[in-house]
Amino acid sequence: MTRNTISAGVVLLLSMSLPALAEIDLSGSWASINHEDSLERGGGPYPADWAGIPFNEYGRAKALSFSQSIISMPERICWFQTQWHIAAGPFSLRMWAVPDPLTGKVQAWMIGAWETRAPMIIWMDGRPRPSKNAPHDQTGFTTGVWNGNELIATTTHLKTGYIRRNGAPSSDQATITTHFLRHGNMLTLALLMDDPVYLTEPYVLTRSYNLSTNPVAIGGPPCIVGDEGVESGRVPHYLPGKNPYTDEMTKLFGIPEEAAMGGAQTMYPEFRDKIKDKFKLPAKCKLNCGN
Amino acid sequence: MKSKLFVLVLAGVTMLGVRAYAHHSFASTYLEDQQMTIEANVLQFLYRNPHSFLQLESKDDKGKSITWAVEWGAGAQLGSSGVQRDTLRPGDHVIVLGQPGRNPEDHRLRMINIKRPSDGWSWKGTFD
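Residues numbered from 1 in each chain as written. Chains lettered and ligands numbered in written order. Predicted model: local features only at pLDDT ≥ 70, side-chain atom pairs only at ≥ 80, totals over all residues.

Draft legend 1. Local environment of the overall build of chain A. Across its full length, chain A holds seven helices and eleven strands. In terms of principal-axis extent, the alpha carbons of chain A reach across some 85 × 45 × 40 Å. The buried share of chain A, reckoned over its 291 residues, is 33%. For chain A, restricting intrachain contacts to residue pairs at least 6 apart in sequence, the fraction spanning at least 24 positions comes to 63%. (Helix = DSSP H or I, 4+ residues; strand = E, 2+ residues; numbered from the N terminus. Buried ≥ 20, exposed ≤ 12 C-beta atoms within 10 Å, placed from the backbone. Contact = placed C-beta atoms within 7 Å.)

Spelled out as structure tokens, the structure:
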């Protein structure tokens, strides 16, 4: 009996110190590869360019009301983006594991903050998700599970945010599912946005990172509010039918407005056949031509 | 000549290593295919993250005061190109070339270059 108890204890101790099979280490500094979707990651997209976003009519209407100047309102300059900004922003990642002090197992994976995004804490200890009535914030609540050597994180309890930096909205009912896939020194994140308020289908973005010996900061520098040209009390916006940039993509790149306005059909390859007679290649590309 | 070329190449390599800090979309904020020049006096230099801003004051045709917000790089980016928080001071007279904002009400520019005639100081570059 005593021998059995000791054996069981040894097995238990060993199992506690070993990671589950197929778990992989995600810790380190991951340098973003920003030539991938360079306009999206770098300078940012054009106004009213929502091709590939599966908007419903509410999502499109909300996006059309967006003026970029609204982000320069004093109270919004340092307003955190949601965790979707990992996909839509330009930054590198710093990841590390937080051990449970009693068992030594990974209690959570952390992704360091940026100046415009709170840290992501991916709880791995099986804790329950808060009530749907619990407070929402830009950080949200994230839990993770391993699926083989892939970490899958699910984020809920978010506040409203943007899924593209030109005002494509996400709601406080959105769920972000993030797949972490490591291949040697490369990390790929595949993010899916499910939003029953503004989208008809999940919106998917992937982005990749290279492992770097150059340390990525664990928290961004502080964001400081200042005068960016929008005085306190003014709320920049466009009333319905008054957005002046709905034909921007047509004028610049010959892309039909029905494509630029998004919708689920614009995500799929066959949509190109549908609009091929409406696309007019500009005589000369003037801006952001990939060279 | 060779030393100037070396400095330019070195500056370019240095800029490649600088982090981007974009919190909004430049293409959505500014008319990137247009440029305008303003001659004005410095009111304030906000050397900060996510982007620095230079507040300038000029007069319109009727002599009315206009405050301009000129967007510039983040503190770390500017620091690496030699611009410090005290490089520009209130009252400095400067000439700025920039891309105008899409919303004229904002009186906003994205910095392309800046000159201070009083001592010949200047800056030219790009930032994300």
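Draft legend 2. Region of interest: the interface of chain A and chain B. The interface of chain A with chain B comprises 27 residues on the first partner and 25 residues on the second. Classifying every residue of the side of chain A that touches chain B gives twelve nonpolar, ten polar and five charged. (Nonpolar A, V, L, I, M, F, W, Y, C, P; charged D, E, K, R; others polar.)

Draft legend 3. Geometry of the sheet that holds strand β6 (residues 150-156) of chain A. Residues and elements named next belong to chain A. Taken in spatial order, the nine strands line up as β1-β2-β3-β4-β5-β6-β9-β10-β11 and close into a barrel, and their pairing is mixed. The mean inter-strand angle of the sheet, taken between neighbouring strand axes irrespective of direction, is 30 degrees. Pairing analysis gives seven bridges linking strand β5 (residues 141-147) to β6, with the strands arranged antiparallel. By the bridge assignment for β6, T143 is matched with T154. (Pairing = 2+ DSSP bridges. Axes fitted to C-alpha atoms, helices over the stretch in contact; angles between N-to-C directions.)

Draft legend 4. Structural context of the nonpolar core. In this structure, A:W50, A:W84, A:I163, A:L191 and A:M193 are the most contacted members of the largest nonpolar core, which totals 46 residues. For this core, the element with the highest residue contribution is strand β10 (residues 186-194) of chain A, accounting for four residues. Setting aside residues no more than four positions away along its own chain, A:W84 makes contact with A:G161, A:I163, A:S170, A:I176, A:L191 and A:M193. Grouped together as the second largest cluster of nonpolar side chains are 21 residues, B:V42, B:W68, B:V70 and B:W72 included. (Core = buried A, V, L, I, M, F, W, Y, C linked by C-beta atoms within 7 Å.)

Keep in mind these values describe shape, not function.
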